[in-house]
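Chain and residue survey
Spelled out, the chains give:
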Amino acid sequence: MNAGRAARSTVDGTEHVMQSQQREDQFRELMHILPDGVMLIAGDEVHYANPACAAQFGYPADRLAGEALSALVEDGAMQRLLALLDAGTDAQDGADTVPMPAPRMRRRDGSLFNASLSARDVRYAGRPCKLLIVRDLTEPERMRDALALRNRELQAVAGRLFSLQEEERRAVSRDLHDDVGQSITAMKLSASAAMEEIDADRRRDDLAGIVELADSTVEKLRGISTLLRPPQLDALGLEAALRGHAMQLFRSAGMPVELRIEPLPRRPSREVEQACFRIAQEALANVLRHSRARSTVLVLRDEDGQLRLEVHDDGAGFGQAPAHGLGLAIMRERARSAGGLLRIESSGGSGTRVRAWLPYGAAETDRGGRR
């Protein structure tokens, strides 16, 4: 009887060990696929860490186990981490059982990162452990900061565009009333005088004055039209309009510009043409205003079915200043509103590169066709 009980006890013990081993294997398989970092802490060192946790701390997948816990937390914050482990609750919940905020964690290279930490008491391999879930907040915080910056930029752009629209409306109204209106009134008075003039020579002088006023009025109207939309876009297309604008702008400034403008396989929509022209216009103006460049290159070509616009110079660049000026934000918004993307790269003494990728737009036509 005793021998039978001993045999059964041995079998039961073996089954228990096998079941425990199966549970540990299942636990490891589950931890292996989790996106969050999970570590088991026994005493003051890491007993187990899943691959995601090792990657967060910059360790190879099998090297974090055995590491001292103090090596994974910022200096002077070990007590806060121990308090969190003892409390066994989420440090980000603000619960009364966790009086201090979660400490920053330290990667293998010494860099620190903010993390959401959750701790629980568990048993593993027959011994009590602390299970710590680590969620790296670096990327969410970066995205939050980028979104906040983007919102500030959009608010500034919206305000600036509204101001520009009002300025344009006032300028058009002023030009129409003061210049064009006065010119038309002068032509009307001159025409009335010419009709009453008996002397042929004086009548001819009056008519010549009317022609002169008409010519100057046409020029003023062209200027107003250019303010609203560059007429060369409609008359010549994007390639010729960019070439003409850049040559005129840099000739007036006495600076060289290299043009690498290739024929496009089809004509973009009106909206995309205007966005591309305005981005190039702003980028080239920035070169002349700020860069102190010796050379500038303007590129326009087709790239994988998209417009590729590029303006780069060898000027001063932005240095350590962020590329978030209002003019740059407006360029980004123009590209975005046309369904495209704009990137700006700059470094001190190495110049600035503005690159935009734009679609051809919904109203695409073959080269030379009408829209």
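Refer to the preceding data block for the structure.
Below, the structure is looked at part by part. (Residues numbered from 1 in each chain as written. Predicted model: local features only at pLDDT ≥ 70, side-chain atom pairs only at ≥ 80, totals over all residues. Heavy atoms only, no water.)

**As for the sheet that holds strand β10 (residues 306–313)**
We count it as follows: Two strands pair under a simple rule: DSSP has to find at least two bridges between them. Think of it this way: any DSSP run of H or I at least four residues long counts as a helix, any run of E at least two long counts as a strand, and we number them from the N terminus. Axis geometry follows a simple rule: fit a line to the C-alpha atoms, using only the stretch in contact for helices, then measure angles between N-to-C directions, giving values from 0 to 180 degrees. Should any heavy atoms of two residues lie within 4.5 Å, those residues are considered in contact.
Within the open sheet, the five strands sit side by side as β7-β9-β10-β12-β11. Their pairing is mixed. What marks the edges here is a single partner per strand, and that holds for β7 (258–261) and β11 (341–346). Sheet twist, expressed as the mean angle between neighbouring strand axes with direction ignored, is 10°. Contacts from helix α8 (residues 270–291) reach β9 (296–303), β10, β11 and β12 (352–358), with the element oriented near 5° to β10.

**Points about the sheet that holds strand β2 (residues 45–49)**
Spatially, four strands are ordered β2-β1-β6-β5 in an open sheet, and the strand pairing comes out antiparallel. With one partner strand each, in any of the chains shown, β2 and β5 (115–124) form the two edges of the open sheet. The average undirected angle you get between the axes of adjacent strands in this sheet is 30°. Bridge count between β5 and strand β6 (residues 127–136): ten bridges; the pairing is antiparallel. Within β6, the residue paired with Ala119 across the bridge is Leu132.

**Considerations on unusual backbone geometry**
Leaving glycine out, the prevailing phi sign among residues is negative, and the prevailing peptide bond configuration is trans. To keep things clear, this is the line we draw: Buried residues are those whose accessible area, probed at 1.4 Å on protein chains only, stays under 20% of the maximum for their type, while exposed residues exceed 50% and partly exposed ones sit between those limits.
At Arg292, a position not held by glycine, the phi torsion is positive, near 55°. Structurally, the position occupied by Arg292 is in the loop between α8 and β9. Residue class for Arg292 comes out exposed when judged on its relative accessible area of 69%. The phi dihedral of Asp304 falls on the positive side, at around 55°, and the residue is not glycine. With respect to the helices and strands, the residue Asp304 is situated in the loop between β9 and β10.

All we've got here are geometric facts, nothing functional implied.
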